[in-house]
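# Summary of the model geometry
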Amino acid sequence: ISAYIIPNEDDHQNEESAVCDKRREYITGFTGSAGHAVVGLKNAALWTDGRYFLQAENQLPSFWTLKKSERARLINMEEWFAMNMLKGQKVGIDPKKLTTEAWKQLNDSLSKVNVELVALNNNLIDEIWEDRPQYSKDPLYVHDIKYCGESYDSKLHRVRNAMNVTNSELLVVSTLNEIAWLFNLRGNDLQYTPLFMSYALITHDSATVYMDKEKITPAIERHLSKPRAVVKLKSYSEFWNDLEIISRTVNCTFIPAQSSYAVSLRVPEYRTCRGESPIIDMEASKNDVEVEGSRKAHIRDAIATCALFKLMEEEIPKGKHWDEMKVAKVLDSLREEYGEGLYKGTSFKTHAAFGPHSAMPHYANEPATNVAINTSAPMLLDSGGQYLDGTIDTTRVLHFGEPTEFQKQIYTTLLQGVVDLADTVFPDGSPIINLDILARRPLFKLGLTFSHGTTHGTGVFSSVHEGKYFKLFKNQHRCTPYQLKKTSLFLYNFKPGYYLKDNFGMRLENLIVVVKAEAEDYKGPLLTFSPLTVVPYEHKLIIPSMLDYREINWINNYQTTIRRLVGVELKKLKMDDLYNWLLKKTK
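Residues numbered from 1 in each chain as written. Predicted model: local features only at pLDDT ≥ 70, side-chain atom pairs only at ≥ 80, totals over all residues. Heavy atoms only, no water.

Now for the domain arrangement of the protein chain. Much of the literature gives interface size as the accessible area that the parts lose upon coming together. Here the domain parsing of the protein chain yields domain 1 (3-119), domain 2 (141-284) and domain 3 (287-585). The distance between the C-alpha centroids of domain 1 and domain 2 comes to 29 Å. Taken together, the contacts link 16 residues of domain 1 with 20 residues of domain 2. Of the roughly 1,500 Å² buried between domain 1 and domain 2 on both sides combined, carbon and sulfur atoms contribute 56%. In this structure, the connection of domain 1 to domain 2 is made through zero salt bridges. Inspection of the region where domain 1 meets domain 2 yields eight residue pairs in polar contact (both at pLDDT 80 or more). For the side of domain 1 that touches domain 2, the class distribution of residues is five nonpolar, six polar and five charged. (Domains from an automatic or database assignment. Contact = heavy atoms within 4.5 Å. Buried area = accessible area lost by both parts, 1.4 Å probe. Salt bridge = Lys/Arg side-chain N within 4 Å of Asp/Glu carboxyl O. Polar contact = N/O pair within 3.5 Å; in protein donor to acceptor, adjacent residues only side chain to side chain. Nonpolar A, V, L, I, M, F, W, Y, C, P; charged D, E, K, R; others polar.)

For strand E17 (residues 378-383), the tally of buried residues reaches six of six residues, placing the bulk of the element in the interior. Neither face of E17 is open: one carries Pro378, Leu380 and Asp382, the other Met379, Leu381 and Ser383, and all of them are buried. Strand direction decides the pairing type here: strand E16 (residues 351-354) and E17, joined by four bridges, are antiparallel. Following the sheet pairing, His351 is matched in E17 by Asp382. Direction of pairing for E17 relative to strand E20 (residues 394-399): antiparallel, over a ladder of six bridges. Paired with Leu381 across the two strands is Arg396, which belongs to E20. (Buried < 20%, exposed > 50% of the residue type's maximum accessible area, 1.4 Å probe, protein only. Helix = DSSP H or I, 4+ residues; strand = E, 2+ residues; numbered from the N terminus. Pairing = 2+ DSSP bridges.)

Pairing within the open sheet is antiparallel, and its three strands lie in the order E15-E18-E19. With one partner strand each, in any of the chains shown, strand E15 (343-346) and strand E19 (390-391) form the two edges of the open sheet. Summarising the sheet, E15 and strand E18 (residues 385-387) pair through two bridges and their orientation is antiparallel. Counted as the bridge partner of Tyr343 is Tyr387 from E18. In the packing of helix H13 (residues 288-315) onto the sheet, the strands contacted are E18 and E19, and the crossing angle to E18 comes to about 130°. (Axes fitted to C-alpha atoms, helices over the stretch in contact; angles between N-to-C directions.)

Bringing the sheet that holds strand E22 (residues 455-457) into the picture now. Pairing is antiparallel in the open sheet, where four strands are placed in the order E22-E24-E27-E28. The open sheet is flanked by E22 and strand E28 (524-531), the only strands paired with a single partner. Here the average twist between neighbouring strands, direction ignored, is 40°. Bridge count for strand E27 (residues 510-521) against E28 is seven bridges, and the pairing is antiparallel. Among the inter-strand pairings, Lys516 is bridged to a residue of E28, identified as Leu527. The sheet strands contacting H13 are strand E24 (491-494), E27 and E28, and the helix crosses E27 at an angle near 130°.

By size, the foremost hydrophobic cluster in this structure holds 70 residues, and its most contacted members are Leu308, Met312, Val327, Ile373, Met379 and Tyr537. Residues within four places of Met312 in sequence aside, it is in contact with Pro317, Trp322, Val327, Ile373, Met379 and Phe400. Residues Tyr152, Ala180, Trp181 and Val209 belong to the second largest nonpolar core, which totals 37 residues. (Core = buried A, V, L, I, M, F, W, Y, C linked by side-chain atoms within 4.5 Å.)

What follows covers the packing of aromatic side chains. In this structure the tally under the stated criterion is 18 aromatic pairs. Between the aromatic rings of Phe239 and Trp240, the centroid separation amounts to 5.0 Å while the plane-to-plane angle is 75°, which identifies the pairing as edge-to-face. Residues Phe239 and Trp240 agree in their burial class; the two are buried. Counting every residue linked through ring pairs, the aromatic cluster contains Tyr199, Tyr210, Tyr236, Phe239 and Trp240. In this structure, Lys326 packs its charged tip against the face of Trp322, placed 4.4 Å from the ring centre. Note that Arg440 overlies the ring of Phe450, its terminal NZ or CZ placed 4.1 Å from the centroid. (Phe/Tyr/Trp six-rings, centres within 6.5 Å; stacked < 30°, edge-to-face > 60°. Lys NZ or Arg CZ within 6 Å of the ring centre and 35° of its normal.)

What follows concerns the layout of surface pockets. Of the pockets and cavities examined, the second largest pocket occupies roughly 410 Å³. Sorting elements by how many residues they give to the lining of the second largest pocket places helix H17 (residues 549-572) first, with seven residues. Here the residues of the lining of the second largest pocket sort into nine nonpolar, four polar and five charged. (1 Å grid on protein atoms, 1.4 Å probe; cavity = no way out; pocket = protein on both sides within 12 Å on 5 of 7 lines; lining within 4 Å. Points joined across faces, edges and corners; volume = space filled by probe spheres on them.)

Another aspect to go through is helix H7 (residues 152-165). In this model, H7 (14 residues) spans 20 Å end to end at C-alpha, consistent with the 20 Å of a helix rising 1.5 Å per residue. Tyr152, Lys155, Leu156, Val159, Arg160, Ala162 and Met163 are the residues of H7 that are buried. Taken around the axis of H7, the buried residues stretch over an arc of 155°, which confines them to a single face. Of the residues in H7, the exposed ones pointing more than 90 degrees away from the buried face are His157 and Val165. (Expected span 1.5 Å × (residues − 1). Arc of directions from axis to C-beta.)

Another point: the side chain of Lys22. Tracing the chain through its elements places Lys22 in the loop between strand E1 (3-6) and helix H1 (23-28). Only 2.9 Å separates the side chain of Lys22 from the side chain of Glu16, close enough to count as a polar contact.

Before going further, it helps to examine the environment of Ala372. Within the secondary structure, Ala372 is located in the loop between E16 and E17. Ala372 gets classed as partly exposed once you look at its relative accessible area, which sits at 40%. In this structure the C-alpha to C-alpha distance between Ala372 and Met325, which are 47 residues apart in sequence, comes to 9.1 Å.

What follows deals with the packing of H7 against helix H8 (residues 176-183). Where H7 meets H8, the axes come as close as 7 Å, and the angle between the chain directions of the two elements is 120°. It follows from the interaxial angle that H7 and H8 lie oblique. Seen from H7, the contacting residues are Tyr152, Lys155, Leu156, Arg158 and Val159; seen from H8, they are Trp181, Leu182 and Phe183. For the contact of H7 with H8, the per-class residue count stands at six nonpolar, no polar and two charged. (Parallel < 35°, antiparallel > 145°, perpendicular 65-115°, else oblique.)

This is the structure we're talking about:
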């Protein structure tokens, strides 16, 4: 081969890979969560999207070329291959690192410039990566039904009913959060998400999970031994052979779109049916137990976040040293302190970004870039926690000095976008992408916008970006036209932002749940959003004269909700100082 492609994904197309699976990061030095690389015989290039342009410019060695794109997709590489490779040359890729659809698109793209795409069984990065880290050795554990709300045998029954609809006899499950959700299991193979490396094969009368058998405990075996729903446990490496054998004994194997091309290579095409995994919608539609647990988790997390903000507001104006990495460390300890034993770690790497760093939408705190926080500029804090009953993703902006009028104008405009989206009422079945304009409209009026998506789905003690739903509000018309329905409780996140290079950035991010609205139309109940995040906004950054009555009313109601939910818990904990701080922040 004359070039080798290194995608961002691992074998299961996880957005956040385990440390040992961050091959693109290893070869490029770029730590962003989106991007693909290619290494040629004489040159190398990285593609990433607008969230990471500034970060990539800072992190890439000089011999790498940064290719900026609206979306970091493999097919964007076509022009580079046309300019850097001769006709008939071959480019290699690991087929486990991309989906079948991505393979087809990339293959078609390269065919246009007469370059051949080759699937390699061996991963070239693994061959040169000395001292490559290993997966965690921690055992798996059961996600208790008091947190998940439904037994695994009930979920299996629903999955098999869905298989009947597609006339499939074998279902391949390769997405880690789907396996964890289906069998009510969790693990520690990923750094920020409680999942474990695994595959599953499901038929109408059997279910097999393939994983590291050293992580299986007697409690796991008992958990998966319900009558008429016994789950077989086999080693991770046995999946590929079993897939080839079993798929040749059935008429239809359902391969979800999220599965790797390597899965497709092992199943006869004439015995295959394809589509979105039936588990996606089941997992995304939260039950009452999950929603109530998420609300409780957000209250706990709000206490920790508010305690952090109060401490910083007291100390930074007095000159006490704070830096970006200290923010992350202190917040983690506060979550542990107020997590009531349910806190299991952060849901992603905390982004505490001060001044110009906040202009990078996903700036990552590193010792080499760590800076002190003072009163001269805004600080953006994007952070989240994993609790047994919920997953958190919250972004707020603070200023410990006197903000400029332009900073206040931007903050207030973003808050208007939050209100417009949160306050909207829409019919059952509305395409969710149609609501994207609501979050962007206030910025559009100023001739401004932002390069990242507006929202994503979120799991419950699972992926902070859940399934296909974390891409639903992207600003491309090619996105899935998913419909919001009154029969489902979906957890979403929305996050309008603004970023001024080398100056400052702002983003406001809340988690919400789809609920029935009080209003009705001739077809029945309409839908709206109910907030899960209960962290106050920054008063000194709001210009009240920019807000109309509806916006002021929503903000006041939101602040009242925070007082009611978080304030009550603070009183129970006898945290009077923090309670009084909260009263001032929510006036």
